[in-house]
Amino acid sequence: MRLTGTSHIGSQGHLTIGGCDTVELAKTFGTPLYVYDEALIRENSRRFVKSFEQSGFAFQVAYASKAFSCIAMAQLAAEENLSLDVVSSGELYTALQAGFPAERIHFHGNNKSEEELRMALEAGVGCYVVDNFYEMALLHDLASASGIQVNVMLRLTPGIEVHTHEYISTGQEDSKFGFGVADGQAMLAIRQALAKTHFNLLGIHVHIGSQIFDTTGFVEAIKVIREFLDSVRKETGYEVKVLNLGGGFGIRYTDEDDPVEIETFVETITQEVAAAWSKRNLPNPEIWIEPGRGIVGNAGTTLYSVGSIKQIPGIRTYVAVDGGMTDNIRPALYQAKYEALLANKASMVATETVSIAGKCCESGDMLIWDIDLPQVTSGDILAVLSTGAYGYSMASNYNRLRRPAVVFVRDGIADLVVERETYEDLVRHDRKRSVLSNIV
Ligand code: LLP
């Protein structure tokens, strides 16, 4: 196991993050608790930004807020000069509440509603990534009714299969997202967008999938897109100003994962684009990307308290924690694997193999199968690593569990940025029956 960022084992044999003892954090804020290493979020962001600066390309690095959205995270992204990818009015609202500059917000999604588009138009969102013909017409009607000009990109489906879980693979032709390149929809969409008086067509967008470990898919996407753009040029004379290559940069969850470094992703992308464009004597386009996991994934750790321990002789030991699929659905949904350690016994050697169970009423609510740990006892604090992406953002209230709190840690200071839900929160929207039953 490799600890990342500011995580290390402190003098008491406890896991510390951002100079904070995680055992103390668990005591102060309760468990389950999401702990984010602020310095590591900033470092990841800067690695993307710096790599682009070195490439000489004009660029935007948009943090994909779906990976982890809350006001504090949007503030952090703003401080790091990132742009922001939002996919719903809820993510947009969160960004606006954080004071995130609207002109650096990109609005995504395959079914933006009229209400959502109106909200975005009112806020002055910087770019709309149009996904389909329905949205194209709706957005243009709304923009022209308000007499405003909007920046638009078209999301294309390049017909590329990447090696990742099928639920998070999006570039293939048979996808709910985007205009297909192979089936002619993309060309039609370009023609339509160019004809729309209230659109400023910035360029095109592709997102080939998530948790991608190598550069092959990106290289292939650039090739497909450039060839498509050649025919667009021939047929319409249009050339893109911006090429948005989406997110998907993989991270290391366990020793089995071996993603290339952030710098390699950016270098490969920029070199490929530079080569493809210069071959055609075209000036470099601006490149935008949208990392979510790559910015927050390895910066998050979830702390749990160990409760019941069930030993089935000769079969398995189930160590149950006070959270599970409600705060991390990824093992149940994608068979995702994680590493963990006992935060209060971090320097002790592993002596047993156990499996970590969640507390939900589902046999599938298992966080980790077969992990080697020191002797586990009830009351220990289990730290599951690299839970920063798609943990909190996909959390639920299944079994009416309260969603955990989130703290940002830095230089020995823990900043509570999301409070733990209360019982009142759970019933806030419930209403007692207003119609009395006539059954006696
Ligand atoms: N841009 C677009 C258009 C996307 O659809 C996504 C992710 C991203 C950017 C950010 O991708 P990232 O850099 O985080 O891989 N819940 C799944 C991941 C779903 C990703 C959806 N789209 C998981 O937990 O693995």
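Just above, that's the structure.
Below, the structure is looked at part by part. (Residues numbered from 1 in each chain as written. Predicted model: local features only at pLDDT ≥ 70, side-chain atom pairs only at ≥ 80, totals over all residues. Heavy atoms only, no water.)

**Remarks on the site of the ligand**
Working step 1: In the vicinity of the ligand there are 20 residues, among which Ser210, Glu290, Arg330, Tyr334 and Tyr390 approach most closely.
Working step 2: Contact between the ligand and Tyr390: an oxygen atom at 2.6 Å from a side-chain N or O atom of the residue.
Working step 3: With the chains in place, 92% of the 580 Å² that the ligand exposes on its own is no longer accessible.
Working step 4: Residues belonging to the shell around the ligand are distributed by class as follows: six nonpolar, eight polar and six charged.
Working step 5: Two domains share the shell around the ligand, each providing at least three of its residues, namely domain 1 (8–37 + 297–427) and domain 2 (108–291). (Near = heavy atom within 4 Å. Polar contact = N/O pair within 3.5 Å; in protein donor to acceptor, adjacent residues only side chain to side chain. Areas by Shrake-Rupley, 256 points an atom, 1.4 Å probe, with all protein chains shown as cover. Nonpolar A, V, L, I, M, F, W, Y, C, P; charged D, E, K, R; others polar. Domains from an automatic or database assignment.)

**Considerations on the packing of helix α4 (residues 89–97) against helix α5 (residues 114–123)**
Working step 1: Where α4 meets α5, the closest approach of the two axes is 10 Å, and the angle between their N-to-C directions is 25 degrees. In terms of axis orientation, α4 runs roughly parallel to α5. Here α4 and α5 pass one another in a crossing that is left-handed. For the pair formed by α4 and α5, the contact residues are Ser89, Leu92, Tyr93 and Leu96 on the first element and Glu116, Met119, Ala120 and Ala123 on the second. (Axes fitted to C-alpha atoms, helices over the stretch in contact; angles between N-to-C directions. Helix = DSSP H or I, 4+ residues; strand = E, 2+ residues; numbered from the N terminus. Parallel < 35°, antiparallel > 145°, perpendicular 65-115°, else oblique. Left-handed = near helix turned anticlockwise from the far one by under 90°. Contact = heavy atoms within 4.5 Å.)

**Section: the side chain of Arg330**
Working step 1: Along the chain, the position of Arg330 falls in helix α11 (residues 330–334).
Working step 2: For the buried residue Arg330, which engages in no salt bridge, the nearest side chain bearing the opposite charge is Asp257, 8.0 Å off.
Working step 3: Here Tyr338 takes part through its side chain, which lies 2.9 Å from a polar atom of the side chain of Arg330.
Working step 4: Contact partners of Arg330, with chain neighbours within four places excluded, come to Tyr253, Arg293, Gln335, Ala336, Tyr338, Ala389 and Tyr390. (Buried < 20%, exposed > 50% of the residue type's maximum accessible area, 1.4 Å probe, protein only. Lys, Arg positive; Asp, Glu negative; His and termini not counted. Salt bridge = Lys/Arg side-chain N within 4 Å of Asp/Glu carboxyl O.)

**What about the pairing of strand β6 (residues 83–86)?**
Working step 1: Residue alternation in β6 divides its side chains into two sets, Ser83 and Asp85 and Leu84 and Val86, and both sets are buried.
Working step 2: Alignment of strand β5 (residues 59–64) against β6, held across three bridges, turns out to be parallel. Paired with Ala62 across the strands is Ser83, a residue of β6.
Working step 3: As paired elements, β6 and strand β7 (residues 105–107) share three bridges and run parallel to each other. Its bridge partner lying in β7, Val86 is registered against Phe107.
Working step 4: In this fold, β6 hands off to α4, which returns the chain to β7; that crossover is right-handed. (Pairing = 2+ DSSP bridges. Right-handed = clockwise from strand over helix to strand, strands pointing away.)

**Description of the packing of helix α2 (residues 38–55) against helix α9 (residues 262–278)**
Working step 1: Here α2 crosses α9 at 30 degrees, and the two axes come no closer than 9 Å. What the angle tells us is that α2 and α9 run roughly parallel. Helix-helix and strand crossings are classified by hand; for α2 and α9 the assignment is right-handed. Here α2 contributes Asn44, Arg47, Phe48, Ser51, Phe52 and Ser55 to the contact with α9, which in turn contributes Ile262, Glu263, Val266 and Thr270.
Working step 2: Broken down by class, the residue content of the contact of α2 with α9 amounts to four nonpolar, four polar and two charged.

**Considerations on the environment of Met187**
Working step 1: In this fold, Met187 is placed in helix α7 (residues 185–195).
Working step 2: Met187 sits 114 residues away from Met73 along the chain, and the two C-alpha atoms are 37 Å apart.

**Description of the nonpolar core**
Working step 1: If you look at the biggest cluster of nonpolar residues, it comprises 87 residues, and the most contacted ones within it are Tyr63, Phe68, Met73, Tyr128, Leu154, Leu156 and Val296.
Working step 2: A domain split of this core shows at least three residues from each of domain 1 (8–37 + 297–427) and domain 2 (108–291).
Working step 3: When residues no more than four places from it in sequence are discounted, the contact partners of Met73 are Ile41, Tyr63, Phe68, Ile295, Val296 and Phe408.
Working step 4: Among the nonpolar cores identified, the runner-up in size contains 19 residues, and Ala336, Leu342, Ile356 and Ile371 belong to it. (Core = buried A, V, L, I, M, F, W, Y, C linked by side-chain atoms within 4.5 Å.)

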